[in-house]
Number of protein chains: 2
Amino acid sequence: MTERTKGASIKDVAEYAGVSPKTVSRVHNGERWVREEVREKVLAAIKALNYRPNAAARSLSGSRSYLLGLVLDNPSSHYAGDVQLGALKRARLRGCHLVVEPVDIKAVNWTTELTASITALRLDGVLLTPPLCDNAEVLKVLDDLDIPYVRISPDRDPERSPYVHIDERAAAHEMTTYLLDRGHTDIGFIRGQATHSSARLRFEGFRDALAERGLAPREDWIVDGNFQFPSGQDAARTLLSGEGRPTAIFAANDAMAFGAIVAASKQGLSVPGDLSVVGFDDAPAAQIYSPGLTTIRQPVIEMGAMAVDLLLTPPGDEAASGGHCLAHGLVERDSVAVLANP
Amino acid sequence: MTERTKGASIKDVAEYAGVSPKTVSRVHNGERWVREEVREKVLAAIKALNYRPNAAARSLSGSRSYLLGLVLDNPSSHYAGDVQLGALKRARLRGCHLVVEPVDIKAVNWTTELTASITALRLDGVLLTPPLCDNAEVLKVLDDLDIPYVRISPDRDPERSPYVHIDERAAAHEMTTYLLDRGHTDIGFIRGQATHSSARLRFEGFRDALAERGLAPREDWIVDGNFQFPSGQDAARTLLSGEGRPTAIFAANDAMAFGAIVAASKQGLSVPGDLSVVGFDDAPAAQIYSPGLTTIRQPVIEMGAMAVDLLLTPPGDEAASGGHCLAHGLVERDSVAVLANP
DNA sequence: AAAAACACTGACATCGTTGTCAGGTTACCA
DNA sequence: TGGTAACCTGACAACGATGTCAGTGTTTTT
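Residues numbered from 1 in each chain as written. Chains lettered and ligands numbered in written order. Predicted model: local features only at pLDDT ≥ 70, side-chain atom pairs only at ≥ 80, totals over all residues. Heavy atoms only, no water.

## Quick notes on the protein's contact with DNA strand D
Let me state the cut-off plainly: Whether a residue is near a molecule or strand is decided by its heavy atoms; if any one of them lies within 4 Å of it, the residue is near. We count a stretch as a helix when DSSP gives it H or I for four or more residues in a row; a strand needs E for two or more, and each element gets its number in order from the N terminus. Gly falls in the polar group here, along with every residue not listed as nonpolar (Ala, Val, Leu, Ile, Met, Phe, Trp, Tyr, Cys, Pro) or charged (Asp, Glu, Lys, Arg).
DNA strand D sits among 25 residues. The nearest are Ile10, Ser25 and Ser61 of chain A together with Thr23 and Arg26 of chain B. In DNA strand D, the atoms that sit within 4 Å of the protein are 65% sugar and phosphate, with bases accounting for the remainder. When contributions to the surface near DNA strand D are tallied by element, the ones reaching two or more residues are helix 2 (21-28) and helix 4 (55-61) of chain A together with helix 2 (21-28) and helix 4 (55-61) of chain B. For the surface near DNA strand D, the element with the highest residue contribution is helix 4 of chain A, accounting for four residues. Partitioned by chemical class, the residues of the surface near DNA strand D number ten nonpolar, nine polar and six charged.

## Comments concerning the pattern of salt bridges
So the rule is basically this: Salt bridge, as used here, is a side-chain nitrogen of Lys or Arg placed within 4 Å of a carboxyl oxygen of Asp or Glu.
Across all of its chains, the model carries 47 salt bridges over all chains by this definition. A salt bridge links Glu332 of chain A to Arg182 of chain A; its shortest N-O distance comes to 3.8 Å. With Glu332 of chain A in the segment after strand 12 (329-331) and Arg182 of chain A in the loop between helix 8 (168-181) and strand 6 (187-191), this pair connects stretches of sequence that are 150 residues apart. For the salt bridge of Asp309 of chain B with Arg94 of chain B, the shortest nitrogen-to-oxygen distance reads 3.1 Å. A residue pair is termed long-range when its members are at least 10 positions apart, and Asp309 of chain B in helix 12 (residues 300-312) and Arg94 of chain B in the loop between helix 5 (78-93) and strand 2 (97-102) qualify at 215 residues.

## Things to note about the relation of the copies chain A and chain B
Here is the rule: Residues reaching a pLDDT of at least 70 in both copies supply the C-alpha atoms on which the copies are superposed by least squares. Residue contacts are defined here by distance: any two heavy atoms, one from each residue, within 4.5 Å place the two residues in contact.
In the superposition of chain A on chain B (RMSD 0.1 Å, axial shift 0.0 Å), the rotation amounts to 180 degrees. In short, the pair behaves as if placed about a two-fold rotation axis. With an isologous cut-off of 70% or more, the 98% of interface residues of chain A that recur at the interface of chain B puts this contact in the isologous class.

## A closer look at unusual backbone geometry
Here is the rule: Exposure is judged per residue with a 1.4 Å probe applied to protein chains only, and the accessible area is read against the type maximum: over 50% gives exposed, under 20% gives buried, and values in between give partly exposed.
Cis rather than trans, the peptide bond between Val271 of chain A and Pro272 of chain A has omega equal to 10 degrees. Cis geometry is adopted by the peptide bond preceding Pro291 of chain A, which originates at Ser290 of chain A and carries an omega value of 5 degrees. Counting through the fold element by element, Pro291 of chain A comes out in the loop between strand 9 (276-278) and strand 10 (295-297). In this structure, Asn50 of chain B takes a positive phi of about 55 degrees despite not being glycine. Here Asn50 of chain B is to be found in the loop between helix 3 (36-49) and helix 4. Although it is not a glycine, Arg122 of chain B sits at a positive phi angle of roughly 50 degrees. By secondary structure assignment, the location of Arg122 of chain B is in the loop between helix 6 (110-121) and strand 3 (125-128). Residue classification places Arg122 of chain B among the partly exposed residues on the basis of a relative accessible area of 33%.

## What to know about the interface of chain A and chain B
Defined as follows: Buried area is a sum: the accessible area each of two parts loses on coming together, probed at 1.4 Å, counted once for each and added.
Counting residues at the interface gives 54 residues for chain A, matched by 53 residues for chain B. Summed over both sides, the interface of chain A with chain B buries roughly 4700 Å², with 57% coming from carbon and sulfur. The salt bridge involving Arg92 of chain A is made with Glu113 of chain B; its shortest N-O contact spans 3.0 Å. Sorting the residues of the side of chain A that touches chain B by element identifies helix 4, strand 1 (67-72), helix 5 (78-93), strand 2 (97-102), helix 6 (110-121), helix 7 (136-145) and helix 11 (254-266) of chain A as the ones contributing at least two each. Residues of the side of chain A that touches chain B, tallied by class, amount to 29 nonpolar, 14 polar and eleven charged.

## Description of the sheet that holds strand 9 of chain A
Across a sheet, strands are paired by hydrogen bonds formed along the backbone, either parallel or antiparallel in direction. All names here are of chain A. Note the cut-off: Any two strands are treated as partners once DSSP identifies two or more bridges connecting them. As a rule, the C-alpha atoms of each element are fitted with a line to give its axis, helices using only the stretch in contact, and angles between N-to-C directions run from 0 to 180 degrees.
With parallel pairing, four strands are arranged side by side in an open sheet as 7-6-8-9. Every other strand in the sheet has two partners, leaving strand 7 (222-224) and strand 9 as the edge strands with one partner each. Each strand of the sheet is rotated relative to its neighbour by a mean of 20 degrees, with strand direction disregarded. Of the strand pairs in this sheet, strand 8 (residues 248-251) and strand 9 are connected by three bridges, and their pairing is parallel. Residue pairing for strand 9: Ala248 is matched across the bridge by Ser276. Contacting strand 6, strand 7 and strand 8, helix 10 (residues 229-241) runs over the sheet at an angle of about 150 degrees to strand 6. Contacts between helix 11 and the sheet are confined to strand 6, strand 8 and strand 9, with strand 9 contributing the most and set at about 165 degrees to the helix.

Structural data, given as C-alpha cells:
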C-alpha cells in the first residue's frame, strides 16, 4: 500500500507564510488582533497548500470537538432521514460534522454504549428526535454527562432543554376547519395512543375547531388507533359500521389514514367520492397514494437545521432557550370531496 | 456553566492499576505480550474508573481515526436510511463511528467540501451508495485522497474497489418465473432509464426468463420509464391502450409499479382482478398499498453492514476484494392473480 | 515626557494517546 | 553454562492543533 497522502499541517502553512503556527491558528479561527496584511498572507498560504486543520488535533487541544451527535432509535424512517438531512446541511455550514448514534432501547447495554460514544468522541452536543427525546433514561444520561442537547417535538418538560416543534393543535384545527369549510360536519377522528402528546394535541385541535362552529364530535366517531397502518384499518371499519356514517375521517397520522382508505375501499366506498379522508405528517406515500392524501406537512428538514443552530448557540444565550415553533402547512391533494362551497 | 465532567484518562487508569500508560494502551488495544495477570488488573481498573479512550487523541497519535464516512446524496430516502442502519450497527460492533457526509452534486463546491471533510477528519474509509458510487468525480476525489472505499450496488468498474450487490438479473428472472408459473404469459415491462445498470439487468432477467420458456417479450409491451412514480403511470397508460393488453405488468421498481396500479385503477381495471402488477425494491409503501405489492426485497441493511466489514478488512486481504453478492427475496403480497396453477 | 493602554506576534506547554525503542525477565537450546 | 530467542514492560517522543503568557511595537492618556 502506498503511504496515505497527508495534507499540509499548520507548520507547513506557517513556514510558507513566514509566520508562527499560532498566527495561522488565529487567522482561520477568526481571532482578533491579526494585522490585515498578515491575515491575507496566511489565507493565501492556506489556499495555496490546501490546508485543512486536523479535527482530532483541534479537539484534543481545544475545548470543542466540532462533532455533533444525532441520537436516533429508528434511523431508517423518513422522518429521521429528513431531520438528519436538515441537521447535516446546517452543521456543515457551521463547520461541524454529524455523528449518528443509533440507540436500541431494547438492547441491554444501550445506556453504556451511548455514554461511551459521547465521552469517547467528546461530542459538543446532541440532537434528540421523538420518541427518544422523551425517554427518561436518555435524558438522564445526557444530564449526567452535562452535555448540551436539543429536542425535536418533545412531549414534556419544556424547561429541560431548548427544543423545536410545530403547533400541532393549530395544525389539526386548521385541517378540521378545512373540512368544515367544504361542508363536512360529520367527521370521524382516529386518535393515536394516549402516551404521545401529539395524539392529544391533534385531537384537541380537532375538537376545538368543531366547538368554534358550535359542533361537538360524536362520541362513537372518535376511535383509538396506535399510529400504525393496521390500526387505521380497524378504526375505519368501526367508524363505518355504526349507525349512519361520517362523510369524512381525520386520522391523527398518515399511516392510519392509509389504513382508513383501504378499509373504505374494501367496503365498496370510494375516496373521496363516498368518504373523505385526511391525515397528518405528509408521509412519502401520501403523494403516490390513490387518491393523493390531503395532510399536514411538518417542516422536518428545517426543524433539524434549527436544532443544530440552537445547539451551537453559546450556552446562556436567552435566544436559544425554550421552545421554537416552526410553521406547518396544509397539503391539499385529492382525498377530500367538496360537499358545499366554502 | 459548570465545568463539563471529564472522564478518566489513561494516566488515571495506569496509576490505579500500577502500570504505565503504555501498558493500559496495550491492553485495551488487544496487543500481544501482556501478562494475563496484568491484563486483568488493567481491565479491572478500566472498569472501575469507567475509562473511555479519547478518540481524538487516538486518531492524532495513531494512524487510524476510528471514523468511517457514509457519503450520501439523498439522505432521506428509505434506501439510504437502511444502508445507514446496517452500517451503523456493524460499525459500532467494530468499535468505529459513522460520520455522514451529504453530497449535493448540484452544488458548486461539493468536491472541495467532500475533500475537506475527509482530510479534516482523517476518515479511515468511506461507504458509497448508488447513484453516487458511479459518479466519476467522487471516485476521483477518493482515489486522489488514497482513501479506501466500498461501493454498494455499483454500475461499473468492478475492479476499482470492493463492493456489495445483489444479483439483479437473477431476481428479475425469479420474479418473471413467478408470474409465468401463475399463468401469465402476456407480460408488459416498464424499464428504468438506460443509464442505470439496474435497469438493464432487471430487464435482461425478465427477457431471459421468458426465453427459457420459449417466449419473447412483445416489443410494444416494453416501455421506458425513469424509476419515478409519474413515469409508471404514463407507461401503464401506454401499455393498456394498445391492441390487446397484458395480464401482468412488471415494473423495474416499486415507484413505477405504484404508478401502474393507479393508472390501471383510473381505467377501471382492478388490481389484481383484471391486471397483475409487480415491482422491485420493496419500498415502505409496498405493504400499505392497496393491493399490497408483490416485489423483490433487497437486503439493504445487511449490505450496509457488509460494506463496513469490507472497509475494515486490512488492505491487501484477498477476502475483501471484488464483489460480494447477497441474497434477495421475493415478497409475495396481493398484486398478482393466479391464472393457472403453478 | 512618562505612563498606560492597545495591537500584534511567537515561544512553549499541553491535550491523551500510540509508535519506537531500549531494557529486563524468563525459557529453551546447544 | 552461555547464548539466543521469546516474552513482557516502561521511558520518551511524537501527532497537530490551541491556551497562556511574555514580549515588542504603537498609540493614547495623564
